[in-house]
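# Reading the structure
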Amino acid sequence: MTNRTFTMIKPDATEKGHTGGILQMINEAGFRIVAMKMTHLSKEKAGQFYEVHKERPFYGELVEFMSRGPITAAILEKENAVEEFRKLIGATNPAQAAEGTIRKKYASSIGENAVHGSDSDENAAIEGAFFFSRLEQF
Ligand code: CMP
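The notes below deal with the structure included here. All figures in this text were calculated on a predicted structure; none of them were measured in a lab. (Residues numbered from 1 in each chain as written. Predicted model: local features only at pLDDT ≥ 70, side-chain atom pairs only at ≥ 80, totals over all residues. Heavy atoms only, no water.)

## Focus: the pattern of salt bridges
Where charged atoms from two side chains of opposite charge approach closely, those side chains can pair. We apply this condition: A pair is scored as a salt bridge if a Lys or Arg side-chain nitrogen falls within 4 Å of a carboxyl oxygen belonging to Asp or Glu. The helix and strand labels rest on DSSP assignments: H or I over at least four residues marks a helix, E over at least two residues marks a strand, and numbering proceeds from the N terminus.
One pass over the full model with this rule turns up 10 salt bridges. Where glutamate 15 meets arginine 68, a salt bridge forms, and the shortest distance between an N and an O atom there is 2.8 Å. Residue glutamate 15 is located in helix H1 (residues 11-15), and its partner arginine 68 is located in the loop between helix H4 (59-66) and strand S3 (71-77); the two are separated by 53 residues in the primary sequence. Taken together, the shared-partner salt bridges in this structure form one network comprising Arg4, Arg32 and Glu77.

Okay, structure coming up:
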């Protein structure tokens, strides 16, 4: 268990103007923002980020979607961060997300699900390093 996780506010949430509302939920849940940037992933970069899903049937759709518009990437700190953040965002499919979760409030489908959250400490470190150098983490 480490105290950091990685998140992205995805293009659907950015387009709908939900970035501020999502960051507020993150702050109110007690996460500290260690690093943050708004950026627009190229198809190549989105494909690299989601390389682990390369063999899945939805990979092409996922890469198209994640490169459709700007995202906000961030590293977050809290005790037991990976698990706590996955509780805060809710199930991948918003139809199954619990009340009070970010996806229940802001996501529209399993593909366009507003936010990403790392699924393990190992992936949190890999994903954070994909976007931020050590000098950009506070
Ligand atoms: P995320 O938590 O970012 O990790 C992988 C992403 O793949 C997931 O959120 C969804 O956006 C997407 N995804 C997962 N399952 C499906 C699916 N069945 N159809 C389309 N996209 C999916």
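Additional details are given in the paragraphs that follow.
## Things to note about the sheet that holds strand S2 (residues 32-39)
Convention followed: Strands are treated as partners if at least two bridges between them are detected by DSSP. To define axes, lines are fitted to C-alpha atoms, for helices over the stretch in contact only, and angles between the resulting N-to-C directions are given on a 0 to 180 degree scale. We call two residues contacting when some pair of their heavy atoms lies within 4.5 Å.
Spatial ordering of the open sheet is given by S2-S3-S1-S4, a layout of four strands whose pairing is antiparallel. Among the strands making up the open sheet, the edge pair consists of S2 and strand S4 (115-117). Averaged over neighbouring strand pairs, the angle between their axes works out to 15 degrees when direction is ignored. With seven bridges joining them, S2 and S3 adopt antiparallel strand pairing. Bridge assignment links methionine 36 to a residue of S3, and that residue is alanine 74. Running over the sheet, helix H7 (residues 121-131) touches strand S1 (4-9), S2, S3 and S4 and is turned about 55 degrees from S1.

## Thoughts on the side chain of glutamine 137
Note the threshold: Two N or O atoms count as a polar contact when they lie within 3.5 Å, although within protein this holds only if one can serve as hydrogen donor and the other as acceptor, and sequence-adjacent residues are included solely when both atoms are side-chain atoms.
Within the secondary structure, glutamine 137 sits in the segment after H7. Here arginine 4 takes part through its side chain, which lies 3.3 Å from a polar atom of the side chain of glutamine 137. A distance of 3.4 Å separates a polar atom in the side chain of glutamine 137 from the backbone oxygen of phenylalanine 132. If sequence neighbours within four positions are ignored, glutamine 137 has contacts with Arg4, Val34, Ala35, Ile75 and Phe132.

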